[in-house]
Amino acid sequence: MSLNCWTVPTLLGISKLNCKGLACLLVLTVSVCGSASGMCPTACVCASDIVSCTNRNLSRVPANLYKCMKRLDLSYNRIGFLEPEWVPVLFEKLNTLIVSHNSISSIITGSFATTPNLKFLDLSSNSLKSLGSPVFQELRALEVLLLYNNHITQIESSAFGGLYKLQKLYLSYNLLSHFPLDLYIGKHKLTELALLDISFNHIQTMPIQRLSSVPARYLSGIYLHGNPFYCDCTLYSMLIFWYQRHFSPVVDFRNEYACSLRSDPRGYNKLPLLHDNFLNCSESTINSSFQAFGFIRDAQVGDRLVVHCDSRISDAGTYFVWLSPDNRLLEPDRETDNFRVFHNGSLEITDAQLEDSGLYSCIAINKKRLLNETIEVRINVSNFTVNRSHAHEAFNTAFTTLAACVASIILVLLYLYLTPCPCQCKTKKRKRKLNQSGAHSSILNSTPPPPELPADEKKASTGKRVVFLEPVNEPKHGQNGKVKLFPNDNVIAESILKTTRTKSDSDSVNSVFSDTPFMPST
């Protein structure tokens, strides 16, 4: 007996169903969704293509679920780990799987082979500690992945390999201490990732220099609030730049960004990171960060400069225009002087000049999505020749000063080590005078010289002068054997002992060394 199933499409238009049409509809239903028996387990609640098995103390997925379901909720159960057979049959139409609030501590590769068309996967509020490589590779259509409120401390670079369509990744309230930069840079980067929630982890520093190369359409979806950051001017500059670009993660959660000093590692005293510049960061530090993110561009006269419009709107139907500092409208396919705008939004300056410096505005317009965004870029054009001459002059001045300092040091050393000591010259001169005085005294003195003194006494008598005077006449009575000098004898003796001589000194010395006999005055 054969059935004519051509009446099935017209069943809605028939007021009275015949046997052939009903049998044909039953065959069609069985072929798509399996047998009618056991379509909804007793532990679950089924509504059309939605199955809810929450809080039923389940350790694995029930085996008798019908294959037509699109949403399966297994939250608040006691599933401990995910292995290749934890979903017993293939569910090709399943696109939403919720396994939150269980006890999942590990995921083995191949666990999602029977659910290849998932677009939404919720693994939040479990006991995951690490994500190995690659545990989600079968989920090539996955768009949203929830992993928040776990105990994840480490994520391997290839853990999310194969998730080419992933758009949203939630990793908040975990124990991560490093920012997962591999999501944006490297061979396993997620090219469609528009939102990354990594708030309330244990991240203290950020790879800001490497993040500066990430396009704005990715940066605008990174949520970092609630992390125990160290107070750093570079981090502050990056967040201020994001705030000026109106990135939602910074604008919406501005009060949640705080930092602590490195001297306070436990963060007892937290400072607001985005309020009134508590860090007192210098303008040069902020400008350098803006420069790293492309907000400030430097060029020399005559250079060819290409400035990209780093817009969050990157759809194919986006239209870009630029506004120059003198309010000239620069559009694609329309060259103005030495300016040219490409269809991807990049601005080319073929021959940069000093007058091209200023603030440029890129306007991205998407008519289909009714969105527009304005990005401001400051271009500084300087004259390399002038700067080089100034640098050359500065170098000459510094070199001249250094040479003068070296010459001064050499002259001082020459003076100290090559000039004879004046003390030695005076000592030699004194020795010559002593020798001359000794020769004259030996001539006047007929008595033999005294015996030579010991070395110690010589040293003690160094620098002293001795004068020997011969008495002219016999000593008179009452003189006690002493020579009575003439009335100014004190002056003569004192003048002989001194190196400087007065007039009386010269007369007395002449009288002593004169050939004529000395006659005392009566």
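Residues numbered from 1 in each chain as written. Predicted model: local features only at pLDDT ≥ 70, side-chain atom pairs only at ≥ 80, totals over all residues. Heavy atoms only, no water.

**Digging into the overall build of the protein chain**
- The secondary structure content of the protein chain amounts to 11 helices and 24 strands.
- For the protein chain, the accessible surface area stands at approximately 32,400 Å², while carbon and sulfur atoms represent 56% of it. (Helix = DSSP H or I, 4+ residues; strand = E, 2+ residues; numbered from the N terminus. Areas by Shrake-Rupley, 256 points an atom, 1.4 Å probe, with all protein chains shown as cover.)

**Looking at the nonpolar core**
- One finds Phe136 and Phe160 to be the most contacted residues of the largest nonpolar core, which totals 79 residues.
- A per-element tally of this core places helix H4 (residues 233-244) first, with 7 residues.
- With near-sequence residues (within four places) excluded, Phe160 lies in contact with Leu131, Phe136, Leu145, Leu147, Ile155, Leu169, Leu183 and Leu190. (Core = buried A, V, L, I, M, F, W, Y, C linked by side-chain atoms within 4.5 Å. Buried < 20%, exposed > 50% of the residue type's maximum accessible area, 1.4 Å probe, protein only. Contact = heavy atoms within 4.5 Å.)

**Here's the deal with H4**
- Here H4 spans 16 Å end to end across 12 residues, near enough to the 16 Å set by a 1.5 Å rise per residue.
- Listing the buried residues of H4 in full gives Leu235, Tyr236, Ser237, Met238, Leu239, Ile240, Phe241 and Trp242.
- Residue Asp232 occupies the N-cap position of H4, its side-chain oxygen lying 3.1 Å from the main-chain nitrogen of Thr234.
- His246 sits one or two positions beyond H4 and adopts a positive phi of about 60°. (Expected span 1.5 Å × (residues − 1). Polar contact = N/O pair within 3.5 Å; in protein donor to acceptor, adjacent residues only side chain to side chain.)

**Notes on the packing of aromatic side chains**
- Under the criterion given, the structure shown has 8 aromatic pairs.
- Consider the rings of Phe179 and Tyr184, whose centres lie 6.3 Å apart with planes at 5°: the pair is stacked.
- Here the aromatic cluster, defined as three or more aromatic residues joined through ring pairs, consists of Phe112, Phe136 and Phe160.
- One Lys or Arg, Arg254, reaches over the ring of Tyr243 and ends 4.8 Å from the middle of that ring. (Phe/Tyr/Trp six-rings, centres within 6.5 Å; stacked < 30°, edge-to-face > 60°. Lys NZ or Arg CZ within 6 Å of the ring centre and 35° of its normal.)

**Some thoughts on the sheet that holds strand S9 (residues 144-146)**
- One open sheet holds the 9 strands; their spatial order is S1-S2-S3-S5-S7-S9-S11-S12-S13, and the pairing between them is mixed. Edge positions in the sheet fall to strand S1 (45-47) and strand S13 (222-223), since each has one partner strand and no second.
- Note that S9 and strand S11 (residues 168-170) share 3 bridges and pair parallel. If you follow Leu146 over to S11, its bridge partner there is Tyr170. (Pairing = 2+ DSSP bridges.)

**Digging into the state of the cysteines**
- If you walk through the whole model with that rule in mind, you get 5 disulfides.
- Covalent S-S linkage joins Cys40 and Cys46, the inter-sulfur distance amounting to 1.9 Å. Note on the Cys40 and Cys46 pair: the S-S dihedral is about 95°, so by sign convention the disulfide is right-handed.
- One disulfide in the model links Cys44 with Cys53; its S-S distance is 1.9 Å. Classification of the bridge connecting Cys44 and Cys53 rests on its S-S torsion, roughly 105°, and on that basis the disulfide is right-handed. (Disulfide = S-S within 2.5 Å.)

**Things to note about the UniProt feature "transmembrane region" (unreviewed entry) in the protein chain**
- The sites that carry the UniProt feature "transmembrane region" (unreviewed entry) are, in the present numbering, residues 398-418.
- Taken end to end, residues 398-418 is 100% helix and 0% strand, and its first and last C-alpha atoms sit 30 Å apart. (UniProt positions renumbered as here; feature names shortened; annotations may be inferred.)

**Considerations on the environment of Leu273**
- Of note, Leu273 is situated in the loop between strand S16 (271-272) and helix H6 (283-292).
- Residues Leu273 and Tyr236 lie 37 residues apart in sequence; the distance between their C-alpha atoms is 6.7 Å.
- Those residues in contact with Leu273 that lie beyond four places of it in its chain are Leu235, Tyr236, Leu239, Tyr257, Ala258, Cys259 and Leu279.

**Considering the environment of Val99**
- Of note, Val99 is situated in the loop between strand S5 (96-98) and strand S6 (106-107).
- When near neighbours in sequence (up to four residues on either side) are disregarded, Val99 contacts Leu74, Ile79, Trp86, Ile104, Asp122, Leu123 and Asn126.

**Examining the sheet that holds strand S20 (residues 329-330)**
- Judged by pairing direction, the sheet is mixed, and its 5 strands sit side by side in the order S17-S24-S23-S19-S20 without closing on themselves. Strand pairing shows two members of the sheet lacking a second neighbour, strand S17 (296-300) and S20, which therefore form its edges.

**Thoughts on the side chain of Asn102**
- Locating Asn102 in the fold gives a position in the loop between S5 and S6.
- At 3.2 Å, the side chain of Asn102 forms a polar contact with the backbone oxygen of Val99.
- Look past the residues within four positions of Asn102 in its chain and what remains in contact with it is Leu74, Ser75, Tyr76, Asn77, Arg78, Ile79, Ser125 and Asn126.

**Brief notes about unusual backbone geometry**
- Phi at Tyr76 is positive, roughly 55°, even though this residue is not glycine.
- Within the secondary structure, Tyr76 is located in the loop between strand S3 (71-73) and strand S4 (81-82).
- We classify Tyr76 as partly exposed; its relative accessible area is 46%.
- Unusually for a residue other than glycine, Asp337 sits at a positive phi of about 55°.
- For Asp337, a relative accessible area of 63% puts it in the exposed group.

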